[in-house]
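Reading the structure
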Amino acid sequence: MAEKMETKKKFDGENVEILAETYEDGTPPKADRWRGKLKNREQMLKYIKTGQRYWYDEDSYGSEKRKTPA
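Residues numbered from 1 in each chain as written. Predicted model: local features only at pLDDT ≥ 70, side-chain atom pairs only at ≥ 80, totals over all residues. Heavy atoms only, no water.

**Thoughts on the overall build of the protein**
To keep things clear, this is the line we draw: In this text, helices come from DSSP runs of H or I with a minimum length of four residues, and strands from runs of E with a minimum of two, each type numbered from the N-terminal end. The contact criterion used throughout is that any non-hydrogen atoms of two residues lie within 4.5 Å. Note on areas: these come from Shrake-Rupley sampling with a 1.4 Å probe, and a residue is covered only by the protein chains present in the view.
Across its full length, the protein holds two helices and two strands. Secondary structure elements in the protein, listed N-terminal to C-terminal, are β-β-α-α. Counted over contacts in the protein with a minimum sequence separation of 6, partners at least 24 positions apart contribute 0%. For the protein, the computed accessible surface area is about 7,400 Å², with 52% contributed by carbon and sulfur atoms.

Put into structure tokens, the structure is as follows:
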């Protein structure tokens, strides 16, 4: 894969080469079929409960939660 380079000016006016945007589009090619990955009803319920606890529980460990209250 060839790296895309871009030329930018530093604060002192000198030109430097940096990497251009190298990310890919973040949308999946098709829908994730999570139900097909789980074998039975208990596993499905556990999957859903864990996800809800992660995002909505008061004492959860969700990545969007603050570590200390505002």
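**Concerning the pairing of strand β1 (residues 5–9)**
Put simply, the test is: Two strands qualify as a pair provided DSSP detects at least 2 bridges between them.
Relative to strand β2 (residues 15–19), β1 is paired through five bridges, and the arrangement is antiparallel. Across the sheet, Glu-6 pairs through a bridge with Ile-18, a residue of β2. The hairpin formed by β1 and β2 contains five residues between the paired strands, and Gly-13 there has a positive phi angle of roughly 95 degrees.

**Notes on the pattern of salt bridges**
The line we're drawing: By salt bridge we mean one thing: a side-chain nitrogen of Lys or Arg within 4 Å of a carboxyl oxygen of Asp or Glu. Accessibility here uses a 1.4 Å probe with only protein chains present; expressed as a share of the type maximum, an area under 20% marks a residue as buried, one over 50% as exposed, and anything in between as partly exposed.
Going through the model one piece at a time under the given rule, you end up with two salt bridges. As a salt-bridge pair, Lys-8 and Glu-6 come within 3.3 Å of each other at their nearest N and O atoms. Lys-8 gets classed as partly exposed once you look at its relative accessible area, which sits at 42%. A salt bridge links Glu-14 to Lys-10, with the nearest nitrogen and oxygen atoms 3.5 Å apart.

**As for the environment of Ala-20**
Within the secondary structure, Ala-20 sits in the loop between β2 and α1 (34–37). Separated by 13 residues in sequence, Ala-20 and Thr-7 place their C-alpha atoms 8.8 Å apart. Contacts of Ala-20, omitting those with residues within four sequence positions, involve Lys-4, Met-5 and Glu-6.

Nothing here speaks to function; it is all geometry.
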